[in-house]
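A structural walkthrough
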Amino acid sequence: MPKQQLNTPRTTSGQGLLWLFGAILAIQGFGSAITEAGWNTSFGVAGLLRAADAPEWGTLLVGCAGAALLATAARRHFTKSRGRRRP
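So, here's what we can say about the structure. The structure presented is a predicted model; accordingly, all values stated were derived computationally and were not measured.

Criteria and thresholds
- Residues numbered from 1 in each chain as written.
- Predicted model: local features only at pLDDT ≥ 70, side-chain atom pairs only at ≥ 80, totals over all residues.
- Heavy atoms only, no water.
- Helix = DSSP H or I, 4+ residues; strand = E, 2+ residues; numbered from the N terminus.
- Contact = heavy atoms within 4.5 Å.
- Axes fitted to C-alpha atoms, helices over the stretch in contact; angles between N-to-C directions.
- Parallel < 35°, antiparallel > 145°, perpendicular 65-115°, else oblique.
- Nonpolar A, V, L, I, M, F, W, Y, C, P; charged D, E, K, R; others polar.
- Buried < 20%, exposed > 50% of the residue type's maximum accessible area, 1.4 Å probe, protein only.
- Arc of directions from axis to C-beta.
- Expected span 1.5 Å × (residues − 1).
- Polar contact = N/O pair within 3.5 Å; in protein donor to acceptor, adjacent residues only side chain to side chain.
- Patch = residues over 30% accessible without salt bridge, like charges linked within 9 Å, V, L, I, M, F, W, Y side chains within 5 Å.
- Areas by Shrake-Rupley, 256 points an atom, 1.4 Å probe, with all protein chains shown as cover.
- Salt bridge = Lys/Arg side-chain N within 4 Å of Asp/Glu carboxyl O.

Phi is positive for asparagine 40, which is not a glycine, with a value near 55°. Of note, asparagine 40 is situated in the loop between helix H1 (13–39) and helix H2 (44–51).

Structure, rendered in structure tokens:
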């Protein structure tokens, strides 16, 4: 007799990487921009971008890229789970 499959959504490794890289880029980008503006101290992405002579808004661009990855991961997650609920 075949095993019954559970209806719990599983995350693939690619989906997990979207969440991970999105969170890292969002935290590094927005966190670096806030730290740079508030305390004139750069860390992580901001430090690397300052060393490469990138404009100040570069860290915000990194944060927006992270937010876009998080939005993509969330959309894929909810689209998959919605598709599984339908009979």
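That was the structure; now back to the text.
With respect to the helices, strands and loops of the structure, arginine 50 is situated in helix H2. Beyond its immediate stretch of four places on either side in the chain, arginine 50 contacts Glu36, Ser42, Pro55, Glu56 and Thr59.

Take the packing of H1 against H2 next. Two elements in contact, H1 and H2, have axes whose closest approach is 7 Å; the angle formed by their N-to-C orientations is 75°. Between H1 and H2, the interaxial angle falls into the category roughly perpendicular. For the pair H1 and H2, the contacting residues are Gln28, Ser32 and Glu36 in the first and Gly44, Val45, Ala46 and Arg50 in the second. Split into classes, the residues belonging to the contact of H1 with H2 amount to 2 nonpolar, 3 polar and 2 charged.

Okay, H2 next. Within H2 the residues assigned to the buried category are Val45, Ala46 and Leu49. Axial view of H2: buried residues confined to an arc of 100°, hence all on one face. When the buried face of H2 is taken as reference, the exposed residues oriented beyond 90 degrees from it are Leu48 and Ala51.

What follows covers H1. Look at H1: 37 Å from first C-alpha to last across 27 residues, which is about the 39 Å you get at 1.5 Å a residue. Those residues of H1 that sit buried are Gln15, Leu18, Gly22, Ala26, Gly29, Ser32, Ala33 and Thr35. Note on H1: the residue one or two positions beyond its end, asparagine 40, has a positive phi of about 55°.

As a further point, take the side chain of threonine 35. Relative to the assigned elements, threonine 35 resides in helix H1. A relative accessible area of 17% places threonine 35 in the buried class. Within the structure, threonine 35 has its side chain in polar contact with the backbone oxygen of glycine 31 (distance 2.8 Å).

Before going further, it helps to spend a moment on a nonpolar patch on the surface. A contiguous nonpolar surface patch, about 700 Å² in accessible area, is contributed by Phe30, Ile34, Trp39, Trp57, Leu60 and Leu61. Mapped by element, the contributors of at least two residues to the nonpolar patch are H1 and helix H3 (58–85). A per-element tally of the nonpolar patch places H1 first, with 3 residues. Mapped onto the fold, leucine 60 is located in helix H3. On the accessibility criterion, leucine 60 (42% relative accessible area) is partly exposed.

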